[in-house]
Amino acid sequence: MANAEDETETVCRVCGFEGEVFWEGGWPNEAAICPCCDNEPDVGDASVMGLRNYRGYWVGQGAPWSSPSAEREHKRQGWDLMRQIQNIPPQWR
Ligand SMILES: [Zn+2]
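Residues numbered from 1 in each chain as written. Predicted model: local features only at pLDDT ≥ 70, side-chain atom pairs only at ≥ 80, totals over all residues. Heavy atoms only, no water.

Considerations on empty space enclosed by the protein
In this approach, a probe sized like a water molecule rolls over the atoms, and the result shows the empty space that is left. Tallied over the full model, the rule gives one cavity of 30 Å³ or more. Its boundaries defined by the atoms lining it, the largest cavity holds a volume of some 40 Å³. The wall of the largest cavity is formed by Cys12, Arg13, Phe22, Trp23, Asn39, Pro41 and Asp45. Taken together, the residues that form the lining of the largest cavity break down as four nonpolar, one polar and two charged. (1 Å grid on protein atoms, 1.4 Å probe; cavity = no way out; pocket = protein on both sides within 12 Å on 5 of 7 lines; lining within 4 Å. Points joined across faces, edges and corners; volume = space filled by probe spheres on them. Nonpolar A, V, L, I, M, F, W, Y, C, P; charged D, E, K, R; others polar.)

This is the structure we're talking about:
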């Protein structure tokens, strides 16, 4: 059975956006940046308190997308913040 740390994470721990490799083998993918909440995975994201702070700040700003082209594409498909947030793995909520 695979160790949790060996898993590839394609869901942003902050906002639940899915579609990039954010973590791999227990390490942040430094080349990734979330097109939604603008979070760059780093070892600081191993703290759920830090994630909650960043998420609270981001939502408090109105949940702005960092990539206008990704925003257009997703909003055209009926993007919904509350639905996306449900993608966040339970341990990072
Ligand atoms: Zn994100």
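Quick word on helix α1 (residues 48-60)
With 13 residues, α1 ought to run about 18 Å at 1.5 Å a step, and its terminal C-alpha atoms sit 18 Å apart, in line with that. All buried positions along α1 are accounted for by Leu51, Arg55 and Trp58. An end-on view of α1 places all buried positions within 65° of arc, on one side of the element. More than 90 degrees from the buried face of α1, the exposed residues found are Met49, Asn53, Tyr57 and Gly60. On its buried face, α1 sits against α3 (81-85). Two residues or fewer after α1 comes Gly62, characterised by a positive phi angle close to 100°. (Helix = DSSP H or I, 4+ residues; strand = E, 2+ residues; numbered from the N terminus. Expected span 1.5 Å × (residues − 1). Buried < 20%, exposed > 50% of the residue type's maximum accessible area, 1.4 Å probe, protein only. Arc of directions from axis to C-beta. Contact = heavy atoms within 4.5 Å.)

Observations regarding the sheet that holds strand β2 (residues 18-24)
Read from one edge to the other, the open sheet built from three strands follows the order β1-β2-β3, with strand pairing classed as antiparallel. Either end of the sheet is taken by a strand with one partner, and the two such strands are β1 (9-11) and β3 (27-28). By the bridge criterion, two bridges tie β2 to β3 in an arrangement that is antiparallel. Residue Trp23 lies in a different strand from β3, and its bridge partner there is Pro28. (Pairing = 2+ DSSP bridges.)

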